Amino acid sequence: MLLPWLAGLGTGLIFLHCLQKLMFPYFWDDFWFLLKVISYGVQMQMYRLRGQLDTVLEKFLRHAKRQPHKPFIIHEGQIYTYQDVDKRSNQVAQVFLNHSSLKKGNVVALLLSNEPDFVHVWFGLAKLGCVVAFLNSNIRARSLLHCVLTCEPRVLVVGADLLGTIEEILASLPKDVSIWALKDSVPQGVISLKQKLSTASEEPVSRSHYAVSSLKSTCLYIFTSGTTGLPKAAVISQLQVLKGSAGLWAFGCTADDIVYITLPLYHSSAALLGIGGCVALGATCVIKKKFSASQFWNDCKKYNVTVFQYIGELCRYLCKQPKREGEKCHQVRLAVGNGLRSDVWTQFLDRYGDIKMCEFYGATEGNICFMNHTGKIGSVGRTNFFYKLFFNFDLIKYDFQKDTPMRNDQNWCSRVKKGEPGLLISCVNNKNPFFGYAGSYTHTKNKLLFDVFKKGDVYFNTGDLMVQDEENFLYFWDRIGDTFRWKGENVATTEVADIIGMLDFIQETNVYGVAVSGYEGKAGMASIILKPNKSLNLEKFYEQVVTSLPSYACPRFLRIQEKMETTETFKLQKFQLVEEGFNPLKISDPLYLMDNLKKSYVPLTQELYEQIISGEIKL
């Protein structure tokens, strides 16, 4: 009797397993990932119930005591242990405690390159309870001055290699901002932090300076990349720093991993996910001053890197490197980042081996994130019933012509169907707050949508268009600013750029819409860089776009550039290109116009330009 019963049970279990695989193929992936999220929340709650508010700084200090001699930072071959960083940051704290009027809650701006002192100064100021503002080390003049004025610092700390940048705006800075430089010889009006550190005490400051009373208190200011204008200072709370630091752990990183960080430390991905993530794990990070595609894999082998961070086009740059022998001979097992296109994802894995690509989605200031824990190529993450209990988000219909979410007759927004692109919005509440930006409340208000589905509700507008498929995977479709309307149709710039990028003479493509007098919407324009030793084939370019794209999506104008401006996260700058338009008198680069009669693109002369403006030539 027992054997038939066991056989029946076994058959039933096999059937249930097959049914689960068929009907709910991602059930266990979702289940185990959900358990991780819950366990992290429980851990935070336990600290709170014990009257302790755990922060990334507190985690670091615990590691400095438990594993003082473990390498924390490796930079240009030099090792800095957890104890080293703790002592050096203590010196920073002691200098400002004894030689400045800084108090808990004051803002200090940091203008430093990727180097250990970035972390030393950051952590040292955190030990005084200061709010640290990370300034973009690539911006200059007006933009830099704007950033400094926005965050209103009491002190500005600048690296030795960037002192000249500050000197350009020194006369325009408020008189009550003191400038400190990590350099021995400094100009008049600047204080040498390096000299004072040489004699500073390594003794820790009192915990009362950095103890927090609320995880919603401001910890950092991190500036947005400024693809559509001047950067904004996003308010980053202690809670957001904690959530960001859990990313590496959530993807399966451990204390034994060595994480390679080539991204700028003033950006949220490197600072929170990278440095913060290593602190949360007690792991080691390798900091590179600047990303180098040619040195990338040599560094990975040299430092036994097991995890690296990517963003934007970094992986594509690596795929464009000349092929070498032994490219799969490395110890890298995970890559964590965002913005990886499907075609590059596949190409990267084929070339460099079995590396788990951990794609995620999240804005610096946002209150919503997705994590691709299943490894589905092209997806930024996955949602399900349980996920929406934690993060209440929606994809809504968007009017590209009016550049605003669509509203029905009752003035409510409408959700899109699965498979349709929609604007990603996230409910703002106590569980998922939006902390906004420093400075004018106008910037914060402009990122919010009010009365979306009912009176009184508030949603964070990500500015990103996403698609949710039938299996509940989410895919990035485009930025609102990167999508334009032409001939009554929506044009996704990434789709057009991908098609153009297939041509063997194209190195880089940037697609955007330009206003044309007498037309509604915007006409498509493609700015390209040619590959070295390759010539432009206008007939082939024409054939590629007309055979692969809908007629409305074909670029009407073509611009040839030698170099393209990018943000620090490798995003192509479109704002200036859109402003410049297609006027040959204003643009020195070669310009071309689509000519359907000649089945090619022809040089855009001033005469043709005037005929377009007057309406003689129809686009």
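This structure is a prediction, so every number in the text was calculated from the model and none was measured. (Residues numbered from 1 in each chain as written. Predicted model: local features only at pLDDT ≥ 70, side-chain atom pairs only at ≥ 80, totals over all residues. Heavy atoms only, no water.)

Chemist: Which residues make up the overall build of the protein chain, and what values go with them?
Modeler: The helix and strand tally for the protein chain stands at 20 helices and 30 strands. Overall, the C-alpha framework of the protein chain stretches about 95 × 80 × 60 Å when taken along its three principal axes. Looking at the protein chain residue by residue over its 619 residues, the buried ones come to 54%. Once local pairs closer than 6 in sequence are excluded, the contacts in the protein chain between residues at least 24 apart make up 68%. Roughly 28,800 Å² of accessible area belongs to the protein chain as shown, and the carbon and sulfur atoms make up 53% of that amount. Mean positive and mean negative side-chain charge positions of the protein chain (69 and 59 charges, respectively) differ by 5 Å. (Helix = DSSP H or I, 4+ residues; strand = E, 2+ residues; numbered from the N terminus. Buried < 20%, exposed > 50% of the residue type's maximum accessible area, 1.4 Å probe, protein only. Contact = heavy atoms within 4.5 Å. Areas by Shrake-Rupley, 256 points an atom, 1.4 Å probe, with all protein chains shown as cover. Lys, Arg positive; Asp, Glu negative; His and termini not counted. Charge placed at Lys NZ, Arg CZ, Asp CG, Glu CD.)

Chemist: Could you give an account of the pairing of strand S1 (residues 71-75), naming the residues involved and the relevant values?
Modeler: Burial of S1 is extensive: four of the five residues sit out of reach of the surface. Between the antiparallel neighbours S1 and strand S2 (residues 78-81) lie two residues, among them Glu76 with a positive phi of about 50°. Strand direction decides the pairing type here: S1 and strand S11 (residues 284-287), joined by two bridges, are parallel. If you follow Ile74 over to S11, its bridge partner there is Val286. (Pairing = 2+ DSSP bridges.)

Chemist: Go over the packing of aromatic side chains with me, naming the residues and quoting the values.
Modeler: The tally for this structure, following the rule as stated, stands at 33 aromatic pairs. Three or more aromatic residues link up through ring pairs in this structure, and these residues are Tyr260, Phe291, Phe296, Trp297, Phe308, Tyr310, Tyr317, Phe348 and Tyr352. The residue whose ring lies beneath Arg415 is Phe453, and the NZ or CZ to ring-centre distance is 3.9 Å. (Phe/Tyr/Trp six-rings, centres within 6.5 Å; stacked < 30°, edge-to-face > 60°. Lys NZ or Arg CZ within 6 Å of the ring centre and 35° of its normal.)

Chemist: Requested: an account of the pairing of strand S5 (residues 155-158), with residues and values cited.
Modeler: Regular strands place their side chains on alternate faces of the sheet. Burial along S5 is two-sided: the face carrying Val155 and Val157 and the face carrying Leu156 and Val158 are both buried. Of the pairings in the sheet, the one linking strand S3 (residues 107-111) to S5 comprises four bridges and is parallel in character. Following the sheet pairing, Leu110 is matched in S5 by Val157. By the bridge criterion, four bridges tie S5 to strand S6 (residues 178-181) in an arrangement that is parallel.

Chemist: Can you lay out the environment of Ala200 for me, pointing to particular residues and giving the numbers?
Modeler: Along the polypeptide, Ala200 turns up in the loop between helix H8 (193-197) and strand S8 (218-223). When the C-alpha positions of Ala200 and Asn537 are compared, they lie 64 Å apart, and in sequence the two are 337 residues distant. Those residues in contact with Ala200, other than ones at most four positions away along the chain, are Gln91 and Val95.

Chemist: How would you sum up helix H9 (residues 238-245)? Please name residues and give values.
Modeler: Among the eight residues in H9, seven count as buried, and that is most of the element. For H9, the full list of buried residues reads Gln238, Leu239, Gln240, Val241, Leu242, Gly244 and Ser245.

Chemist: Can you explain the sheet that holds S6? Please cite residues and give values.
Modeler: If you walk across this open sheet you meet the seven strands as S7-S6-S5-S3-S4-S8-S9, and the pairing is mixed. Both edges of this open sheet fall to strand S7 (190-192) and strand S9 (233-237), since each of them pairs with a single strand only. Each adjacent strand pair in this sheet contributes to an overall mean axis angle of 25°, direction not counted. Sheet strands in contact with helix H5 (residues 116-126) are S3, strand S4 (131-134), S5 and S8, and its direction is about 180° off that of S3. (Axes fitted to C-alpha atoms, helices over the stretch in contact; angles between N-to-C directions.)

Chemist: Give me unusual backbone geometry: which residues, what numbers.
Modeler: Positive phi, close to 50°, is recorded for Asp451, a residue that is not glycine. For Asp451, the position within the fold is in the loop between strand S21 (448-450) and strand S22 (458-468). Of note, Lys599 is a non-glycine position whose phi angle comes to about 50°, a positive value. Mapped onto the secondary structure, Lys599 falls in the loop between strand S29 (591-595) and strand S30 (600-603).

Chemist: Explain the sheet that holds strand S14 (residues 356-362) residue by residue, including any values.
Modeler: Overall, mixed pairing links the eight strands, which are arranged S2-S1-S11-S10-S12-S13-S14-S15 in an open sheet. Strands at the two margins of the open sheet, each flanked by one partner only, are S2 and strand S15 (369-371). Averaged over all pairs of adjacent strands, the angle between their axes in this sheet comes to 20°, without regard to strand direction. Relative to S14, strand S13 (residues 334-338) runs parallel, the two sharing four bridges. In the strand pairing of S14, Leu334 is matched with Lys356. Strand contacts of helix H4 (residues 82-99): S1 and S2, with the helix running at about 75° to S2, the strand carrying the most contacts.

Interpretation note: all reported values are geometric properties and have no functional meaning in isolation.
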